Amino acid sequence: MKPVIALVGRPNVGKSTLFNRMTKSRDAIVADFAGLTRDRHYGQGRQGKHEYIVIDTGGFEPDATSGIFKEMAKQTRQAVAEADVVLFVVDVRLGLSAQDHEIAGYLRRLGKPAMLVGNKAEGMKDGGQLAEFYELGLGEVFPVSAAHGQGIRTMIDMALEKL
Ligand code: GDP
Ligand code: MG
């Protein structure tokens, strides 16, 4: 069985962009609008001789009965349940949000192998913006740039080492 890596995080942090990098495909819908991807999305990737499955999350069509946050939480739970390791993606430019705390709390309670990934870190001169993410209680944030392809190889290696 190939290991399953789930990408979770609030809308617009770059999960689908990262999915495309990891799968070398453009299967996921990348949008300049938060939450356009309509469903969870599965892809396959390979690094060296290691093959893996990636789950993208964040597709939801908010309706009257289940709000956007409820649907996001549901998708996150489902993807995390299916995953062997979770990449929790945060936006190092925007900083911490209440949603980040919620997701972190959920992952901590579950105790599933997880890695904190700080996206949009291209061109960052110092690690100052990364420091605040320590308070999520998930260890160090690993900086990447999904859009520019920086840090992705090492991130995948580190994620697979957590299996
Ligand atoms: P998702 O909602 O988490 O799936 O986020 P998307 O992958 O759709 O990306 C949301 C926005 O962030 C898009 O405008 C992307 O182009 C942008 N984005 C994604 N990765 C990066 C990155 O590494 N750096 C910067 N500056 N922008 C990025
Ligand atoms: Mg997306």
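Residues numbered from 1 in each chain as written. Chains lettered and ligands numbered in written order. Predicted model: local features only at pLDDT ≥ 70, side-chain atom pairs only at ≥ 80, totals over all residues.

As annotated in an unreviewed UniProt entry, the protein chain carries the name GTPase Der and comes from Comamonas squillarum.

Engineer: For the overall build of the protein chain, give the residues involved together with the corresponding values.
Structural biologist: On a plain count of helices and strands, the protein chain comes out with 4 helices and 6 strands. Mapped in sequence order, the helices and strands of the protein chain form the string β-α-β-β-α-β-α-β-β-α. Among the 163 residues that make up the protein chain, the fraction classed as buried is 37%. Sequence-distant contacts in the protein chain: of pairs separated by 6 or more residues, those separated by 24 or more amount to 66%. (Helix = DSSP H or I, 4+ residues; strand = E, 2+ residues; numbered from the N terminus. Buried ≥ 20, exposed ≤ 12 C-beta atoms within 10 Å, placed from the backbone. Contact = placed C-beta atoms within 7 Å.)

Engineer: Can you tell me about the domain arrangement of the protein chain, naming the residues and giving the values?
Structural biologist: Per the domain assignment, the segments making up the protein chain are domain 1 (23-83) and domain 2 (85-142 + 156-163). Every element with two or more residues in the side of domain 1 that touches domain 2 is listed here: β3 (50-56) and α2 (68-82). Tallied by class, the residues present in the side of domain 1 that touches domain 2 amount to 3 nonpolar, 3 polar and no charged. (Domains from an automatic or database assignment. Nonpolar A, V, L, I, M, F, W, Y, C, P; charged D, E, K, R; others polar.)

Engineer: Please provide a residue-by-residue account of the confidence of the model for the protein chain, values included.
Structural biologist: For the protein chain, mean pLDDT is 85; residues scoring 70 or higher make up 83% of the total. For the protein chain, the element scoring lowest by mean pLDDT is α2, at 82; helix α4 (residues 152-161) scores highest, at 98. With a pTM of 0.90, the predicted complex shows an ipTM of 0.99. (pLDDT = per-residue confidence, 0-100.)

Engineer: Break down unusual backbone geometry for me, citing the residues and quoting the values.
Structural biologist: Of note in this structure, N12 is not a glycine but carries a positive phi near 80 degrees. Note on placement: N12 falls in the loop between β1 (4-8) and α1 (15-23). Even without a glycine there, the phi angle at K120 is positive, about 70 degrees. Residue position: K120 is located in the loop between β5 (114-119) and β6 (141-143).

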